[in-house]
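Residues per chain are reported as follows:
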Amino acid sequence: MIASRDLFIVVSTVHTAATGFLYSPTRSVYTAEERLTQTLESVASVRERAPGAHVVVAENSELADVERSALAEAADRLLEYASDESAAALRDGNYKGASEVDVLLRTLADIGDLPFTRLFKLSGRYRLTDSFELDRFPTDRIGAYASGNGYTTVLYSIPAAMADFYAHRLQHALERALAGASIEDVLIPGIEEARIGSVVPLGVCGNVAVDGTFIEY
C-alpha cells in the first residue's frame, strides 16, 4: 500500500498559442524554453520546501522529447493532455481559467488511486519561497489566501477529506469559467468560511505570463 503524503499538482502549459486572451492581446511574454525552465523551478521549489511530497506535473501542450524527459525526471508523475481535442481547444481558447480547471479535473480522475493527506495546487512557473511553511496549511480545511474579492489560485491546499467536495467545486467553476468568469472569483468564493483556513503568507511567487509582472503572496 502506498503511504499517504502531501501531493502537489503543478499545472503547466509549456507551449502557448500565438493568440491572446479576451483580457490580454498577449498570452505569454515568455518563450517555451523559458516557460519550461520556470516550471522545472516550480518542481524544484517543492522538492526543497516540501521534502517527501509527491509531485505530479499536469501538462497541456505538445512536448518535444527533450522537454518531456526533463519534466518526467523532475516530477514523480507526468500527465499529458494535449492530445485530447477538447483539452487543447480550451488551452487555446479565450479563458485561461477554464483550461486550468479542465486539466485539474482530468488529473484528479487519473490519480484516483494515489492517497494523500493534503492536495496542493501550484501553478506552473510559480515557485515556493522561504516564507512557505507546510504547517501553516490546515489538514481539515481548505488552505487559501484571500485576494481582492476572491482567492488566489496560484497556490492552495485541499485536505483528503474534502477531495470529493473539491471535485464538485471544480465542476462548478468550469461551468462558470466557460462563460467567462475568473477562476479566482468562482472556485473558492461561496464556500462556508468555516471550511476555509486563511494562510498568510502563502509563500509563493512568480511572474504573470501576459506581462511579466512579479507577484508574491
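Each chain carries its own residue numbering, running from 1 in the direction its sequence is written. Local features in this predicted model are restricted to residues of pLDDT 70 or higher, and side-chain atom pairs are both shown and tallied only at a pLDDT of 80 or more, whereas totals for entire chains, interfaces and linings draw on every residue. Water and hydrogen atoms play no part in the side-chain values, which are based on all heavy atoms of the structure.

Caption draft 1: Structural detail: helix 5 (residues 163-177). Strands here are runs of E lasting at least two residues and helices are runs of H or I lasting at least four, both read from the DSSP assignment and numbered beginning at the N terminus. A helix is expected to reach a length of 1.5 Å times the quantity of its residues less one. Helix length check: helix 5, at 15 residues, gives a terminal C-alpha distance of 20 Å against a target of 21 Å (1.5 Å per residue), a fit within 8%. The buried label goes to any residue with under 20% of its type's maximum accessible area, the exposed label to any with over 50%, and the partly exposed label to all in between, with areas taken from a 1.4 Å probe on protein chains only. What helix 5 keeps buried is the set Tyr-166, Arg-169, Leu-170, Ala-173, Leu-174 and Ala-177. Projected onto a plane normal to the axis of helix 5, the buried residues spread over an arc of 145° and lie on a single side. Exposed positions of helix 5 whose direction lies more than 90 degrees from the buried face are Asp-164, His-168 and Glu-175. Looking at the packing, one finds that the buried side of helix 5 touches helix 4 (96-110), strand 4 (116-123), strand 9 (155-159) and helix 6 (183-186). An arc is given here, and it is the one of the directions from the helix axis to the C-beta atoms. Any pair of residues with heavy atoms lying within 4.5 Å of one another is described as a contacting pair.

Caption draft 2: Main features of the sheet that holds strand 5 (residues 127-128). What makes two strands pair is DSSP finding at least two bridges between them. The strand order across the open sheet built from three strands is 5-11-12, with neighbouring strands paired in antiparallel fashion. Bordering the open sheet on either side are strand 5 and strand 12 (214-216), each of which pairs with just one other strand.

Caption draft 3: Expanded view of the pairing of strand 4. For strand 4, the tally of buried residues reaches seven of eight residues, placing the bulk of the element in the interior. Of the strand pairs in this sheet, strand 1 (residues 5-12) and strand 4 are connected by six bridges, and their pairing is parallel. Bridging from a neighbouring strand, Val-11 pairs with Ser-123 of strand 4. Across five bridges, strand 4 lies against strand 9 in antiparallel orientation. Directly across from Arg-118, in strand 9, lies its bridge partner Pro-159.

Caption draft 4: A look at the environment of Ala-18. Mapped onto the secondary structure, Ala-18 falls in the loop between strand 1 and helix 1 (32-49). Counting along the chain gives 175 residues from Ala-18 to Glu-193, while the straight-line C-alpha distance between them is 40 Å.

Caption draft 5: Local environment of helix 1. An ideal rise of 1.5 Å per residue puts 26 Å on 18 residues; helix 1 measures up with 26 Å between its terminal C-alpha atoms. Every buried residue of helix 1 is accounted for by Arg-35, Leu-36, Gln-38, Thr-39, Ser-42, Val-43, Ser-45 and Val-46. Buried residues belonging to helix 1 abut strand 1, strand 2 (54-59), helix 2 (65-74), strand 4 and strand 5.

Caption draft 6: Broad picture of the pattern of salt bridges. By definition, a salt bridge exists where a carboxyl oxygen of Asp or Glu is found within 4 Å of a side-chain nitrogen of Lys or Arg. Counted under the stated rule, the structure contains 13 salt bridges. The partner of Asp-84 in a salt bridge is Arg-106, and the shortest N-O contact between them spans 3.1 Å. Taken together, the residues span a long stretch of sequence, with Asp-84 in the loop between strand 3 (77-80) and helix 3 (85-91) and Arg-106 in helix 4 at a distance of 22 residues. A residue is classified by how much of its surface remains accessible, and Asp-84, at 28% relative accessible area, is partly exposed. If you follow the salt bridges from partner to partner, you end up with Glu-48, Arg-49 and Asp-130 in one network.

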